[in-house]
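Here's the letter readout for the chains.
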Amino acid sequence: PSWSRLSSQIASSATIVNDGTTLRLRVASYMDAGTYICSLKGEAGNVDAEAELTVLVSPTVTRVGPRNVSVARGDDVTLTCLSEGHPKPTVTWKLKNGSPLPDSARVDQTSGELKLIRIVPADAGRYFCEVSNNVGVPKMSQEIEVSVKDYNPQNPDSNATIDADKPFDYKKVIIIVCCVVILIVIVAAITHFVLKKEK
């Protein structure tokens, strides 16, 4: 018997054993998938038998980006997750804190991309993609931090970047309030002193 491969060559690492009846592929990869033909020649004629080899490959994330995103309210944002595997992996986007993705009317997931349409401050957070194809275990990507600038054209000084994962800093508010109160007390004391001196 002899072995051949339809439309391609057999990998150089392959070996034929058992008097040519067995073709052995070591550490098969996706590139080894295809149709293999065993040909037998005899006095009665030639006989060919075909065998289809399918190689399953667990999913991997090959690229995710951009790394961090900072945009203004109302802009569109596209996050990309590229993967490999066989069968072709399914890509699912998630938020780190377990919150659901923004309203489906403003979200478009196609070909591994997540597009956030007319983004709002509530969409800020850390996003990641998960790829799976029922071979091995699902794989998760690195996180992409999305922050949103709540732009106010009427008051540019009030514009701020909002990050959903950062807790509100109450200490700063308390310090500011205390400073304002102290300032009011000082102004009142000076005013009282000036008025008393004038009398």
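No experiment lies behind these values; they were computed from the predicted model shown. (Residues numbered from 1 in each chain as written. Predicted model: local features only at pLDDT ≥ 70, side-chain atom pairs only at ≥ 80, totals over all residues. Heavy atoms only, no water.)

### Considerations on the nonpolar core
For step 1, the next point in the chain: Formed by 19 residues in total, the largest nonpolar core has its most connected members in Leu 79, Trp 93 and Tyr 127.
For step 2, the next point in the chain: Those elements that place two or more of their residues in this core are strand 7 (68-72), strand 8 (77-86), strand 9 (90-95), strand 11 (113-116), strand 12 (125-132) and strand 14 (144-149).
For step 3, the next point in the chain: Apart from the residues lying within four places of it in its own chain, the contact partners of Leu 79 are Gly 65, Pro 66, Val 69, Trp 93, Gly 112, Glu 113, Leu 114, Tyr 127, Ile 144 and Val 146. (Core = buried A, V, L, I, M, F, W, Y, C linked by side-chain atoms within 4.5 Å. Buried < 20%, exposed > 50% of the residue type's maximum accessible area, 1.4 Å probe, protein only. Helix = DSSP H or I, 4+ residues; strand = E, 2+ residues; numbered from the N terminus. Contact = heavy atoms within 4.5 Å.)

### Let's talk about the state of the cysteines
For step 1, the next point in the chain: Inspection of every chain in the model, using the stated rule, returns one disulfide.
For step 2, the next point in the chain: Linked covalently through their sulfurs, Cys 81 and Cys 129 form a disulfide whose S-S length is 2.1 Å. Looking along the S-S bond of the Cys 81-Cys 129 disulfide, the torsion reads about 60°, which is the right-handed sense. Remark: Cys 129 occurs in strand 12 and Cys 81 occurs in strand 8; sequence separation between them is 48 residues. Accessibility classification places Cys 81 together with Cys 129 in one group, the buried group. (Disulfide = S-S within 2.5 Å.)

### Some thoughts on the pairing of strand 4 (residues 34-42)
For step 1, the next point in the chain: Looking at chain direction, strand 1 (residues 2-5) and strand 4 are connected through four bridges and run antiparallel. The partner of Trp 3 across the bridge, within strand 4, is Cys 38.
For step 2, the next point in the chain: As judged from the nine bridges shared by strand 4 and strand 5 (residues 45-53), these two strands associate in the antiparallel manner. The residue bridging Lys 41 from the neighbouring strand is Asn 46, located in strand 5.
For step 3, the next point in the chain: In this structure, the hairpin formed by strand 4 and strand 5 is closed by a connection of two residues. (Pairing = 2+ DSSP bridges.)

### Observations concerning the sheet that holds strand 4
For step 1, the next point in the chain: Taken in spatial order, the three strands line up as 1-4-5 in an open sheet, and their pairing is antiparallel. The open sheet has two free edges, formed respectively by strand 1 and strand 5, since each of these has just one partner strand. Taking each pair of neighbouring strands and ignoring which way they run, the sheet shows an average axis angle of 25°. (Axes fitted to C-alpha atoms, helices over the stretch in contact; angles between N-to-C directions.)

### Description of the side chain of Ser 39
For step 1, the next point in the chain: Assignment of secondary structure puts Ser 39 in strand 4.
For step 2, the next point in the chain: What makes Ser 39 buried here is its relative accessible area of 17%.
For step 3, the next point in the chain: There is a polar contact of 2.8 Å between the side chain of Ser 39 and the side chain of Asp 48.
For step 4, the next point in the chain: Not counting residues within four places of it along the chain, the set of residues in contact with Ser 39 comprises Pro 1, Ser 2, Val 47 and Asp 48. (Polar contact = N/O pair within 3.5 Å; in protein donor to acceptor, adjacent residues only side chain to side chain.)

Interpretation in functional terms is not warranted from these geometric data alone.
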